[in-house]
Amino acid sequence: MDLLSLRLGGFNLATLAVAVGAFHLARVAFSFLILLRNTYLRPATNLAKFGAGKGAWAVVTGASDGIGKEFALQLARAKFNVVILARTKSKLDTLAAEIKAAGGSEVVVHPFDFSATDQPTWSALAAVLAPLNVSVLINNVAVNHAFPTPFAEEDPALLDSIVTVNVGAQVRLTRMLLPGMVAARRGLVINVGSIAGLVPSAYLAAYSGAKAFLRTWSRSLAEEVAPKGVRVQHVNTHFVATAMSKLRKATWLAPTPKAYVRSVIASAGANADGTPYPSHAIITWVLNTFVPEGAAIAKSRDMHLDIRRRALRKMAREAKRE
Ligand SMILES: NC(=O)c1ccc[n+]([C@@H]2O[C@H](COP(=O)([O-])OP(=O)(O)OC[C@H]3O[C@@H](n4cnc5c(N)ncnc54)[C@H](OP(=O)(O)O)[C@@H]3O)[C@@H](O)[C@H]2O)c1
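Bear in mind the structure is a predicted one, so any value in this text is a computation, not a measurement.

Q: Please explain the packing of helix α5 (residues 156–184) against helix α6 (residues 205–225) as it appears in this structure.
A: Packed helices, taken two at a time, are described by their axes: the angle between them and the distance between them. In the contact formed by α5 and α6, the axes pass within 9 Å of each other and the chain directions differ by 15°. Here α5 is positioned roughly parallel relative to α6, judged by the angle of their axes. You can see that α5 and α6 cross each other, and the crossing is right-handed. Where α5 abuts α6, its residues Leu159, Ile162, Asn166, Val167, Gln170, Val171, Thr174, Leu178 and Val182 lie against Ala206, Tyr207, Ala210, Phe213, Leu214, Trp217, Leu221 and Val225.

Q: So what exactly am I meant to see when it comes to the UniProt feature "transmembrane region" (unreviewed entry) in the protein here?
A: Taking the numbering used here, the UniProt-annotated feature "transmembrane region" (unreviewed entry) corresponds to residues 12–36. Between the end C-alpha atoms of residues 12–36 the distance is 36 Å, and the span holds 96% helix and 4% strand.

Q: Explain the site of the ligand here, please?
A: Near the ligand there are 30 residues, and of these Ser64, Thr88, Asn140, Tyr207 and Thr242 occur at the shortest range. Interatomic distance of 2.9 Å between a backbone N/O atom of phenylalanine 114 and a nitrogen atom of the ligand. Here valine 240 contributes a backbone N or O atom positioned 2.8 Å from an oxygen atom of the ligand. Relative to its unbound accessible area of 890 Å², the ligand is 91% covered by the protein chains. Put simply, the parts of the chain that give the shell around the ligand at least two residues each are α2 (66–77) and α6. Taken together, the residues of the shell around the ligand sort by class into 14 nonpolar, 12 polar and 4 charged.

Q: Whenever I open this one, the environment of leucine 16 confuses me. Can you help?
A: Along the chain, leucine 16 falls in helix α1 (residues 13–41). Note on leucine 16: relative accessible area 33%, which makes it partly exposed. When the C-alpha atoms of leucine 16 and leucine 125 are compared, they prove to be 62 Å apart, with 109 residues separating the residues in sequence.

Cut-off values and rules
Residues numbered from 1 in each chain as written. Predicted model: local features only at pLDDT ≥ 70, side-chain atom pairs only at ≥ 80, totals over all residues. Heavy atoms only, no water. Axes fitted to C-alpha atoms, helices over the stretch in contact; angles between N-to-C directions. Helix = DSSP H or I, 4+ residues; strand = E, 2+ residues; numbered from the N terminus. Parallel < 35°, antiparallel > 145°, perpendicular 65-115°, else oblique. Left-handed = near helix turned anticlockwise from the far one by under 90°. Contact = heavy atoms within 4.5 Å. UniProt positions renumbered as here; feature names shortened; annotations may be inferred. Near = heavy atom within 4 Å. Polar contact = N/O pair within 3.5 Å; in protein donor to acceptor, adjacent residues only side chain to side chain. Areas by Shrake-Rupley, 256 points an atom, 1.4 Å probe, with all protein chains shown as cover. Nonpolar A, V, L, I, M, F, W, Y, C, P; charged D, E, K, R; others polar. Buried < 20%, exposed > 50% of the residue type's maximum accessible area, 1.4 Å probe, protein only.

Put into structure tokens, the structure is as follows:
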């Protein structure tokens, strides 16, 4: 018997198949329109609603380099005062001088190691931040594996550091600053996530797991505090040309920190979970729409194995030269 001519409870199976196909196509088309709207058509966020130009402060973690440095520069340009946190004081001082030379914003430099867990270190940070009217927090700092490595062979100290910095420190700092934002009924917390938090990433297991935590925690928190006037936003990030990615040249897929941060700030607070950079957004849409999760996980595993092989070859060459 012809399967499509089967009738199920009065429905012709062929009609049902066409209806299901049309529904699926409509969903894909709709999600593509949302992608276009979010990526290309949405007007940039007016940062005045988060205190820009009104004496409010933005706290940026991991601010001495890469994406964090660019956040500090662009938020200062948008008329926030900025607190810049990272370990290397000399780099923070240079950045502070650059911001001050551009005029307008105040800068507080506070060298800080986010792998610290002791109370005195955190109390000292709290004492620096308490007098400031902080309305923006950029949780940007993160530690990654030096290169893809089997979990069972990874340095235990590095694994501790990934969990402490990428999970513990974000939670602690947010807990410190959120009450002030809630009391003021004004605030923005941006959590810089990674595609590794979306696609379970073999050979970067601890980093991938920490970024998955960041995403779910961030979205949960967003739901809690949105009615209190505070926006919490997770930003899904693919490659950006920084020291962490080891990409020296920007490409369509791996922008400069400047271009990347510009896209994040333009969509600041727009949604609880977004992929602000256009090429990253397109890839995420393709992954979510067409690629089975198992295939994405396998592809990520193969990519990391390839990166690992190349990193090991490079290390062997360098060892030979010495
Ligand atoms: N670049 C990418 O392709 C990419 C892709 C996906 C997601 N991301 C995410 O984007 C964020 C920024 O990455 P990035 O590429 O800009 O990295 P980066 O260029 O390596 O910069 C990292 C920053 O964090 C600081 N830092 C590192 N460990 C620290 C610690 N223990 N305590 C305090 N500060 C510390 C570094 O300064 P000091 O050394 O002076 O402390 C530096 O300012 C991270 O959350 C990362 O996971 C990046």
